Structure formats: C-alpha cells, structure tokens
Amino acid sequence: MNNSLLSHPHLNSQQKQGVTHIKIENALASCELSLYGAHILSFKPKHDLRERIYMSPAAIMDGTKAIRGGIPICWPWFGPHQAPNAAYPQHGYVRTQTWHMVAVSDNKKGTQISLQPASTKGEGFEGHAELTLQITVGKSLTIKLITENKGETAFSYNAALHSYFTVSHIDNVQLAGLQGDYLDKVDNGIQKTTPVPYRFAQEVDRIQLTPSPEVVINDSQLDNSQQTQVLSQGHDSLVIWNPWAEKSAALADMPDNGYLSFCCVETAVTQGHVVEAGNQHVLQQIIC
Ligand SMILES: O=P(O)(O)OC[C@H]1O[C@@H](O)[C@H](O)[C@@H](O)[C@@H]1O
C-alpha cells in the first residue's frame, strides 16, 4: 500500500491482532474498517452519535476467518457457489483477503477512500475483473462496490453488501419499504409474498426479489427522525437475514443471544449481473 495515503489528516491506522484497521474521522462522522475484507466495523455520524453497525462481540478479528458483523463484501458470488460439490467458500473470496487503499480524498460529502483486494482471481470465477470498494464517510455512509470487466469477454457475477445493523432489540424492529415476492431460504427457496407488517419472530433468510431503493429499519425505541435508512442502487434484490436463537447459538463467533441485537439488510445482486468487456457495474448502499 502507498503509505503516504495514511498521512491524510482524517485517517488513522492501527494494528490490531496483526491486522491493519483504519479509522476515518472528520467533522461529519467516524468510521472504522479492517483491511481484512475491507470490512466496515463501525459508522457513527456526528449529528446523533448513534452507532449504525452491529459487530459480534465474539467476532474473530485476526484475519483467519471472515468477520462476523459489520459489512462483509460478498463477491463474485453470493451464498454457496452454484457449482455442485464445489468446495468454494460461501459468499465468495474477497471477504477473506487483505485489501489495500488506493486513494483518499475529501469532497463536500466527506472523506472518500478507495480500496482494492490483493487479487480478484479465484477458483470458481472465470472473469477478468477489477474490483474497487469506494467508501464516503460523511453525514451518511456511501459504499460503492465497482466491478469492472478488464477482459475481452462478458462475465456474470453476484455480490452483496452484507450489512449488519444494530437494533435495540429484534422485537422492536419493523422494516418498511420491502414489497413483492421473496425466496424463502429457510423453506426450500419457495417464493412467497412479502408480509405486512415486516417483523422478526423466527429465523429469517430471504431474498427479496423487488429491488426496493429504500428500506427503513424502524426501531420502536427511536424517534421517527432517528430511524436507520438503507438506500440501494444497482441491485436486483435485498437479502434480509436474522439467524434467530438456534442458529445464533450454533455460530461460534456470535453470542447465543446475538440475534436479538441486529438484523441484516443486504444490498445484493443474486440473479447474475452480466458485465460486458470494458464495462463496469456499481452496487451501492447508502446508510443514513
Ligand atoms: O455465516 P455467513 O457465511 O457469514 O453467512 C451468513 C448468512 O448470510 C446471508 O446473507 C445468507 O442469506 C444466509 O444464508 C447466511 O447464513
């Protein structure tokens, strides 16, 4: 990495368990990320000082396993790889790579940093791609995952900005903005109608097939003006996930009752997006 980038006045780097963490702090907000996975760990705007992101207190942070909580980057596939019997990792291979910073600058929206993974090549993906994560830390957090086709033939990819949002208690949460049908991953992928109201009372693992541009995580412990908004672009679906009690207890890197404190609203491409040679595709999530 070009170390001079780290001397930017709004950046601070620290080694934690052998992994570089970067803190971005300006007049508008603070944000922390691990270079392992370019994984955002925290985002706190200064206008309300409210943490938006859930991090599992049992997350493994030493770069030996994908981080539990925060914002994992799933690419170039989402969930299990489609190839039968493949030993390819769940959610692709860039969340377990070390990324490096390639640019940092300030603009009127905040501080913008761009990062790239060590490599975009991996077993299970044939494309010749360049991948850039561009994060703008300001009043809101803008995350752009830019997939550029540097090869001579088109490729198809899937991805997700797999954000874990902190909530006061899962019973207090109601999502707004979701509509249409979803594929129920806890019921053999059966297509079902989105419930109204949208609450959590059991394991939820759903691919919402209508790419709503705005989802609000309504938490009854917050005023209307304080609710977390998730704005998405470039997606074909939103994935809603909460493991509930049994799966939470089965996850070694999450406390047994961890599921009470978060829900995932993931801006995703799950149906395959074709990027023609020389073109790029941008998957974007804004957290307000
Ligand atoms: O445990 P992982 O690999 O981080 O995945 C967590 C969850 O991620 C969600 O996006 C998937 O829809 C779930 O099926 C999965 O369990």
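Cut-offs used in this document
- Note on numbering: residues in each chain are counted from 1, in written sequence order.
- Thresholds applied to this predicted model are a pLDDT of at least 70 for local features of residues and 80 or more for the giving and counting of side-chain atom pairs; totals over whole chains, interfaces and linings are not thresholded and use all residues.
- Calculation of side-chain values draws on the structure's entire complement of heavy atoms; hydrogens and water are dropped beforehand.
- UniProt positions are given in the numbering used here, feature names are shortened, and annotations may be inferred rather than shown by experiment.
- Relative accessibility decides the category of a residue: with a 1.4 Å probe and only protein chains considered, values under 20% of the type maximum give buried, values over 50% give exposed, and everything between is partly exposed.
- A run of DSSP states H or I qualifies as a helix once it reaches four residues; a run of E qualifies as a strand once it reaches two. Both are numbered from the N-terminal end.
- By definition, residues are in contact when any of their heavy atoms lie within 4.5 Å.
- Whether two strands pair comes down to DSSP finding at least two bridges between them.
- A fitted line through C-alpha atoms serves as each axis, taken over the contacting stretch for helices, and the angle formed by two N-to-C directions is quoted from 0 to 180°.
- Proximity criterion: a residue is near a molecule or strand once any of its heavy atoms comes within 4 Å of it.
- Each polar contact in these results corresponds to two N or O atoms within 3.5 Å; when the atoms are within protein, one needs to be able to donate a hydrogen and the other to accept it, and residues that are neighboring in sequence are counted only if both atoms are side-chain atoms.
- Under the convention used here, a 1.4 Å probe and the Shrake-Rupley method define accessible areas, while residue burial counts only the protein chains that appear.
- The residue classification treats Ala, Val, Leu, Ile, Met, Phe, Trp, Tyr, Cys and Pro as nonpolar and Asp, Glu, Lys and Arg as charged. All others, Gly included, are polar.

J.: Report on the UniProt feature "active site" (unreviewed entry) in the protein, specifying residues and quantitative values.
T.: Taking the UniProt record as the reference, the feature "active site" (unreviewed entry) is found at H162 and E266. Sequence-wise these annotated residues cover 105 residues; spatially they are packed, their C-alpha atoms never more than 4.5 Å apart. Residue classification places H162 among the buried residues on the basis of a relative accessible area of 5%. You can see E266 is positioned in strand β18 (residues 262–275). Contacts of E266, omitting those with residues within four sequence positions, involve F78, A160, L161, H162, S163, S237, L238, V239, W241 and Q285.

J.: If you had to explain the sheet that holds strand β16 (residues 228–233) to someone new, which residues and values would you point to?
T.: As a general point, the strands of a sheet are linked pairwise by backbone hydrogen bonds and lie either parallel or antiparallel. Taken in spatial order, the eight strands line up as β6-β7-β8-β9-β19-β16-β15-β11 in an open sheet, and their pairing is antiparallel. Since the sheet does not close on itself, it has two edges, and those belong to β6 (99–107) and β11 (173–176), each with one partner. Along the sheet, successive strands turn relative to each other by an average axial angle of 15°, direction set aside. Sheet topology places β6 next to strand β7 (residues 110–117); eight bridges connect them, and they run antiparallel. Note on β7: the bridge partner recorded for A103 is S114.

J.: How would you summarise the site of the ligand if you had to cite specific residues and measurements?
T.: Near the ligand, the surroundings consist of R68, F78, Q90, H91, R95, H162, K185, D205, V239, W241 and E266. Measuring from an oxygen atom of the ligand, one finds a side-chain N or O atom of E266 at 2.9 Å. When isolated, the ligand has an accessible area of 390 Å², and the protein chains bury 84% of it. Here the shell around the ligand is built from residues that sort into three nonpolar, three polar and five charged.

J.: An account of unusual backbone geometry is needed here, citing residue identities and associated values.
T.: Each neighbour pair has its own omega, and for W75 with P76 the value is 0°, a cis peptide bond. With respect to the helices, strands and loops of the structure, P76 is situated in the loop between β5 (73–74) and β6. Note the cis peptide between V196 and P197, where omega equals -5°. Tracing the chain through its elements places P197 in the loop between β13 (190–193) and β14 (204–208). Of note, L49 is a non-glycine position whose phi angle comes to about 55°, a positive value. Along the polypeptide, L49 turns up in the loop between β4 (39–45) and β5. Taking the relative accessible area as the measure of exposure, L49 reaches 59% and is therefore exposed.

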